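Letter by letter, the chains look like this.
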Amino acid sequence: GQVVSFLSNPTCMMRKVHSRLLASTVAVNLAGCFAFRTPFMHRAEVSLRSSSSPSFLFSSKLRRGPKVGPARLMCTATTVDSTDEQKQESSVRKRVLSGVQPTGNLHLGNYLGAIRQWVKNQDEYENYFCVVDLHAITAPHVPSELQKSSLDIAALYLASGIDPAKSKVFIQSHVPAHAELCWLLNCVTPMNWMEKMIQYKEKAKKQGESVSIGLFDYPILMAADILLYQAQLVPVGEDQRQHLELARDIARRFNDQYCKKKSMPAKGRRVFREPEALIVKEGARVMSLQDGTSKMSKSDPSDLSRINLLDPPEVIDKKVKKCKTDAAAGIEWDNPERPECTNLLNIYQSVTGKSKEDILSEVQHMQWGQFKPLLSEAVIAHLAPIQVKYKDLMEDQTYLKQVLLDGANSADLIAGQTLSWTKNAMGFTSKSDLM
């Protein structure tokens, strides 16, 4: 609250808050903003200017300035020495951004491969988790289902253990900066970079002549999602690494093109951080129940290929019974000739928490007819608390909607600042320039 008040009425806050308290408060709450974060570690200036008053500056110490009228906030900072930046990074939690499309139901692969790890990392990172509904419309969709699906995914985030007190949860389209930054980055990204995107080629084959420009362009929207929040880390699987590299390339190109010279509007200050990959835990990759060499996916036409988080017990039992196995004797791990066997053992380990040694001791001499009921029972027991909490959240959506509103407001504060820096660096005229 103090940070928001400071941005909207800096004079009031300077009268009320001691300079050291203000500096530490801003540093903690706006960790993604290099102009505000831990000012003792690099040179940063925040200039509050009014057409009717002289300007005054904050740097490592706050100076009390003259009374000013309506002010506009301008951020300028010199480029940061890499050593100072490393010290600065270690003083705050790293920011993580991730999201899931509201297309279909979340399945066991989404949960074990991503969401459960988000939950475990909540105390380690500053997290922003969104429902990426703008990505969901890159393929044909049913409009009446999009709103329900968005709320479903958000409810499953919370039911799976995402804590709004530790992580911000919001719907992507509720923060307009995502779409606006995507357009700005479109105008910076070379066409031939996009033509190399493998996933577009694969998905375009499935959609045929109805394929949209949005599907071609969605890696830039993904880059905008990441860069808006100055995220240091992005959880990715192997299939998303190319998109993360694109985001890094776009950030580097933009900073080189618009931010290098101090004579430019950006004053030599970089706008975007180059994010790093947060690699998912080994064994968390869940494969299709019908093909142990393909990832479990919402887009697979066969519902038997996946276990959805909201599948009732009898459906889970049916899918496990019908899952693909082999005729080899015994059950073993990591045999490249038996991918389905390894996949089912990985799932069993993930939902029971047992070690490989304990599991092999338990099941290695079993036949599939003995192991499958064991696996089915373990999955049902693991998902039961999630399903109960989801049902409670959806029966009374007051809490869920408030979480999404609060999350969008928090996200908008960070995203809006980055968008402002971007437009300033590119030379756009802002409304405050007209006042």
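Residues numbered from 1 in each chain as written. Predicted model: local features only at pLDDT ≥ 70, side-chain atom pairs only at ≥ 80, totals over all residues. Heavy atoms only, no water.

This part takes up the overall build of the protein chain. Counting its secondary structure elements, the protein chain contains 17 helices and eight strands. Across the 435 residues in the protein chain, those meeting the buried criterion constitute 47%. Taking the intrachain contacts of the protein chain between residues at least 6 apart in sequence as the baseline, contacts between residues at least 24 apart amount to 71%. (Helix = DSSP H or I, 4+ residues; strand = E, 2+ residues; numbered from the N terminus. Buried < 20%, exposed > 50% of the residue type's maximum accessible area, 1.4 Å probe, protein only. Contact = heavy atoms within 4.5 Å.)

The next point concerns the packing of aromatic side chains. Within this structure, the stated rule accounts for eight aromatic pairs. On the basis of an interplanar angle of 40° and a centroid distance of 4.8 Å, the ring pair of F254 and Y258 is categorised as tilted. Taken together, the positions of F254 and Y258, both in helix α12 (residues 241–258) and four residues apart, correspond to about one turn of that helix. One exposure class covers both F254 and Y258, and it is buried. Measuring from centroid to centroid gives 6.0 Å for W368 and F371, while their planes differ by 65°, and the two rings are edge-to-face. Of this pair, W368 and F371 both sit in helix α16 (residues 368–395), separated by three residues, roughly a single helical turn. Take W368 and F371: they sit in the same class, and that class is buried. Cluster of aromatic residues (ring-pair linked, three or more members): W118, F129 and Y157. The lysine or arginine in question, R269, covers the ring of W421, its NZ or CZ lying 3.9 Å from the ring centre. Sitting over the face of the ring of F428, K423 holds its NZ or CZ atom 6.0 Å from the ring centroid. (Phe/Tyr/Trp six-rings, centres within 6.5 Å; stacked < 30°, edge-to-face > 60°. Lys NZ or Arg CZ within 6 Å of the ring centre and 35° of its normal.)

Note that side chains of opposite charge can pair when their charged atoms are close. Counted by the stated rule, this structure contains 19 salt bridges. Residue D152 pairs with K148 through a salt bridge whose shortest N-O separation is 2.8 Å. Residue D152 and its partner K148 are both found in helix α7 (residues 143–159); the two are separated by four residues, about one turn of the helix. Note that R252 is salt-bridged to D249, the shortest N-O span being 3.1 Å. Of the two residues, R252 and D249 are both situated in helix α12; the distance of three residues between them amounts to about one turn of the helix. On the accessibility criterion, D249 (28% relative accessible area) is partly exposed. Salt bridges here are not isolated pairs; linked through shared partners, they connect E245, R248, D249, R252, E274 and E276. (Salt bridge = Lys/Arg side-chain N within 4 Å of Asp/Glu carboxyl O.)

This next bit is on the packing of helix α8 (residues 177–186) against helix α17 (residues 398–426). Contact geometry for α8 and α17: axes closest at 10 Å, N-to-C directions at 25°. Put simply, α8 runs roughly parallel to α17. For the crossing formed where α8 meets α17, the hand is left-handed. Of α17, the residues touching α8 (which contributes A177, E180, L181 and L184) are A415, L419, T422, K423 and M426. Here the contact of α8 with α17 is built from residues that sort into six nonpolar, one polar and two charged. (Axes fitted to C-alpha atoms, helices over the stretch in contact; angles between N-to-C directions. Parallel < 35°, antiparallel > 145°, perpendicular 65-115°, else oblique. Left-handed = near helix turned anticlockwise from the far one by under 90°. Nonpolar A, V, L, I, M, F, W, Y, C, P; charged D, E, K, R; others polar.)

Residues Y157 and F371 are the most contacted members of the largest nonpolar core, which totals 52 residues. When sequence neighbours within four positions are dropped, the list of residues in contact with F371 reads I331, L344, L345, Y348, V363 and M366. Ranked by size, the runner-up nonpolar core spans 47 residues in total, among them C182, A231, F254 and C259. (Core = buried A, V, L, I, M, F, W, Y, C linked by side-chain atoms within 4.5 Å.)

Glancing now at the packing of helix α11 (residues 213–228) against α12. Where α11 meets α12, the closest approach of the two axes is 9 Å, and the angle between their N-to-C directions is 70°. On the basis of the axis angle, α11 is roughly perpendicular to α12. Remark: the crossing between α11 and α12 carries right-handed chirality. Facing α11, whose interface residues are Y218, P219, I220, M222, A223, I226 and L227, α12 presents H243, L244, L246, A247, I250 and A251. Tallied by class, residues from the contact of α11 with α12 come to 12 nonpolar, one polar and no charged.

Turning next to the environment of G407. Mapping G407 onto the fold places it in helix α17. In contact with G407, not counting residues within four places along its chain, are K168, V169 and F170.

The next point concerns unusual backbone geometry. Of note, the phi angle at Q230 is positive, near 50°, even though the residue is not glycine. When you line up the elements, Q230 lands in the loop between α11 and β7 (233–236). Overall, the relative accessible area of 4% leaves Q230 in the buried class. Here D334, not a glycine, exhibits a phi torsion of approximately 60°, which is positive. Examined against the element boundaries, D334 turns out to sit in the loop between α13 (313–322) and α14 (339–352).

Attention now goes to α14. Side chains of residues three or four places apart in an α-helix project in the same direction, reflecting 3.6 residues per turn. Counted at 1.5 Å a residue, the expected span for α14 with its 14 residues is 20 Å, and the 20 Å between its end C-alpha atoms agrees. Residues of α14 that are buried: E340, C341, T342, N343, L344, L345, N346, I347, Y348, S350 and V351. On the buried face of α14, the contacting elements are α5 (108–120), α15 (356–363) and α16. Remark: G353 follows α14 within two positions and exhibits a positive phi of approximately 75°. (Expected span 1.5 Å × (residues − 1).)

With burial as the criterion, each face of β7 is covered, one bearing L233 and P235 and the other bearing V234 and V236. Bridge count between β7 and strand β8 (residues 276–279): four bridges; the pairing is parallel. Within β8, the position partnered with L233 by the bridge is E276. (Pairing = 2+ DSSP bridges.)

This next bit is on α5. Helix geometry: α5 is bent most strongly at A114, by close to 30°. Counting buried residues in α5 gives 10 out of 13 residues, a clear majority hidden from the surface. The complete set of buried residues in α5 reads L108, G109, N110, Y111, L112, G113, I115, R116, Q117 and W118. At its buried positions, α5 is contacted by β4 (95–100), β5 (126–131), α7, β7, α14 and α16. (Bend = angle between axes of the 7 residues up to and from the residue.)

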